[in-house]
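For reference, the chains in residue letters:
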Amino acid sequence: MKEIKVGLNVEFPNSKQKAHTIVEDIKKNPPKKIKYGWVYPKKTSNQHIFSHKLTNKFDLLEAFDTPFLTENKWIYQLATTEFALNFSLNKNYYPRKKRIEILKKIIKKGNFKKIIFFSKAGLDSLRSYAKIKDKEILNKANYVYNAVPKIAKTPKKLGDKFRILFIGTAFHLKGGDALVDAFEVLQKKYPFLELEIHSSLMKPNYIKNEIYHPLDHKKTIQKIKSNSSIFNYNSFALSRNQILNKVYPRADLFILPSLQEGCPYAIQEAVAYGIPVISTNCVGAIPEIVENNKNGLIINVQNKMLKDIMKNKRIISKKFQSYLTKEIVNKISYLIENDKIRKQMQKNNIKKANKLFSFKVKNKIMRKIYERSEERRVGKECRSRWSPYH
């Protein structure tokens with residue numbers, strides 16, 4: 001079996017962490033006979049397509065989220081097609097239709113081998129978001145779930161306290177405001193509850209550029225600071241090892257009531273630790289990871305939220321915020337009071353993680369993709385789409 005050298009794109013050249021956590025985990029857990037290394041682009045701004053010089057150092061380059069301009073053979077992993085279109089060229093930000101045409105040309109080039117989404121929902125976004133129907137492009141597309149570095153062997157036993165965990169960079173887009181309101185209600189009934197938050201509580205000038213505006217965001221921050229049962233950490237306050245070895249293991253419930261999502265890695269990690277999950281059915285991969293009443297609970301927001309933002313010029317109303325808060329209260333109460341169901345969800349999560357989110361499973365699939373991509377001649381089986389999980 002030949003060794004294949006794969007260059008992973010450096011996103012943060014001046015930082016100790018060279019790329020997104022997902023990419024860092026991939027580099028630490030390579031498939032058999034795959035040697036990963038870092039490849040530094042000529043352009044590093046996330047407002048541009050990364051560009052790379054032709055190199056003999058690697059057999060294959062691998063991009064994540066942002067596409068390449070390169071003559072090397074390469075593959076591309078991303079959450080949704082929307083990520084692939086978030087670029088500019090020569091400081092010119094083209095309309096979506098133009099960017100789609102540029103992306104099509106990139107994918108159709110002979111040195112481009114595979115576009116791999118993190119979920120089925122991501123794969124479907126080629127058709128639904130970019131309206132791409134070209135078979136040449138679709139046959140280069142597939143999905144492979146992200147892998148998590150640790151999977152629990154046994155579920156966590158409940159202690160004196162019941163800790164709810166929230167991890168998400170964009171606090172209000174992940175439903176953080178409604179969660180804090182719900183926690184205050186729940187505390188009165190269940191005084192043993194604790195809430196642990198790992199997020200960036202964003203400044204108002206950053207919030208103005210977002211799609212959804214939070215209600216009384218400053219008030220929410222004050223509630224967090226004044227509540228001794230809420231433990232708040234900045235997104236980057238703890239190391240990766242602390243998150244994996246301390247934060248997840250002490251959680252009894254994970255919640256991410258998102259209003260906008262791609263393929264949330266934090267939910268996959270929670271599943272791997274056997275933690276029951278409460279989330280939403282907003283557009284994205286959440287329903288693939290969390291099966292309602294099986295390994296977690298899903299809050300129905302899709303229709304209500306779409307109607308709400310259309311009516312209120314893309315601003316979340318007090319009515320919707322109240323609905324989301326009430327649903328969070330009901331879902332958390334249900335799992336606290338139904339211990340047998342919660343324990344079964346723990347077991348189901350560990351089983352699901354071993355089946356779909358382990359590096360053993362992902363690496364077997366990726367090894368096959370690397371081998372096919374590195375071949376000089378592309379056979380029939382490489383040109384057509386194949387299902388990685390069958």
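Rules behind the numbers
Residues numbered from 1 in each chain as written. Predicted model: local features only at pLDDT ≥ 70, side-chain atom pairs only at ≥ 80, totals over all residues. Heavy atoms only, no water. Helix = DSSP H or I, 4+ residues; strand = E, 2+ residues; numbered from the N terminus. Buried < 20%, exposed > 50% of the residue type's maximum accessible area, 1.4 Å probe, protein only. Contact = heavy atoms within 4.5 Å. Pairing = 2+ DSSP bridges. Right-handed = clockwise from strand over helix to strand, strands pointing away. Axes fitted to C-alpha atoms, helices over the stretch in contact; angles between N-to-C directions. Core = buried A, V, L, I, M, F, W, Y, C linked by side-chain atoms within 4.5 Å. Parallel < 35°, antiparallel > 145°, perpendicular 65-115°, else oblique. Left-handed = near helix turned anticlockwise from the far one by under 90°.

> Tell me about unusual backbone geometry, and please be specific about residues and values.
A negative phi angle characterises most non-glycine residues, just as the trans form characterises most peptide bonds. Despite not being glycine, K33 shows a phi value in the positive range, around 65°. Among the structural elements, K33 can be located in the loop between α1 (21-28) and β2 (34-39). Note on K33: relative accessible area 41%, which makes it partly exposed. One non-glycine residue, K131, adopts positive backbone phi at about 60°. If you trace the backbone, K131 turns up in the loop between α4 (120-128) and α5 (135-138). Among the residues examined, K131 registers a relative accessible area of 57% and is labelled exposed.

> Now, about the environment of N146: what can you tell me, with residues and values included?
You can see N146 is positioned in the loop between β8 (141-143) and β9 (162-170). Distance from N146 to S358, taken between C-alpha atoms, is 8.2 Å for residues 212 residues apart in sequence. Leave out the neighbours within four places in its chain, and N146 touches I22, F118, Y265, Q268, F357 and K362.

> Now, about the pairing of strand β10 (residues 193-200): what can you tell me, with residues and values included?
Counting buried positions over the 8 residues of β10 gives 7, a clear majority of the element. Relative to β10, β9 runs parallel, the two sharing 7 bridges. Among the inter-strand pairings, I164 is bridged to a residue of β10, identified as L195. Viewed along the sheet, the connection from β9 through helix α6 (residues 176-189) into β10 turns out right-handed.

> Tell me about the sheet that holds strand β14 (residues 296-299), and name the residues and values.
Strand order in the open sheet formed by 6 strands is β11-β10-β9-β12-β13-β14, and the pairing between neighbours is parallel. In this open sheet, the two edge strands, each paired with only one partner strand, are β11 (230-233) and β14. Neighbouring strand axes in the sheet, compared pairwise and without regard to direction, differ in orientation by 20° on average. The pairing of β9 with strand β12 (residues 253-256) spans 2 bridges and is parallel.

> Pulling in residues and values, what's your account of the nonpolar core?
A general feature of soluble globular proteins is that nonpolar side chains tend to end up buried together. In terms of nonpolar packing, the biggest core is built from 114 residues, with I164, Y248, F254, I267, I328, I332 and Y370 touching the most fellow members. What F254 contacts, discounting residues up to four positions off in sequence, is L165, I167, Y248, A266, I267, A270, I275, P276, V277 and I278.

> Go over the packing of α6 against helix α13 (residues 318-337), please, and point to the residues and values.
One can describe the packing of α6 onto α13 by two numbers: an axis separation of 8 Å at closest approach and a directional angle of 45°. Judged by the inter-axis angle, α6 sits oblique to α13. For the element pair α6 and α13, the recorded crossing hand is right-handed. Only Q321, L324, T325, I328, V329, I332, S333 and E337 of α13 make contact with α6, whose side of the interface consists of D177, A178, L179, D181, A182, V185, L186 and K189.

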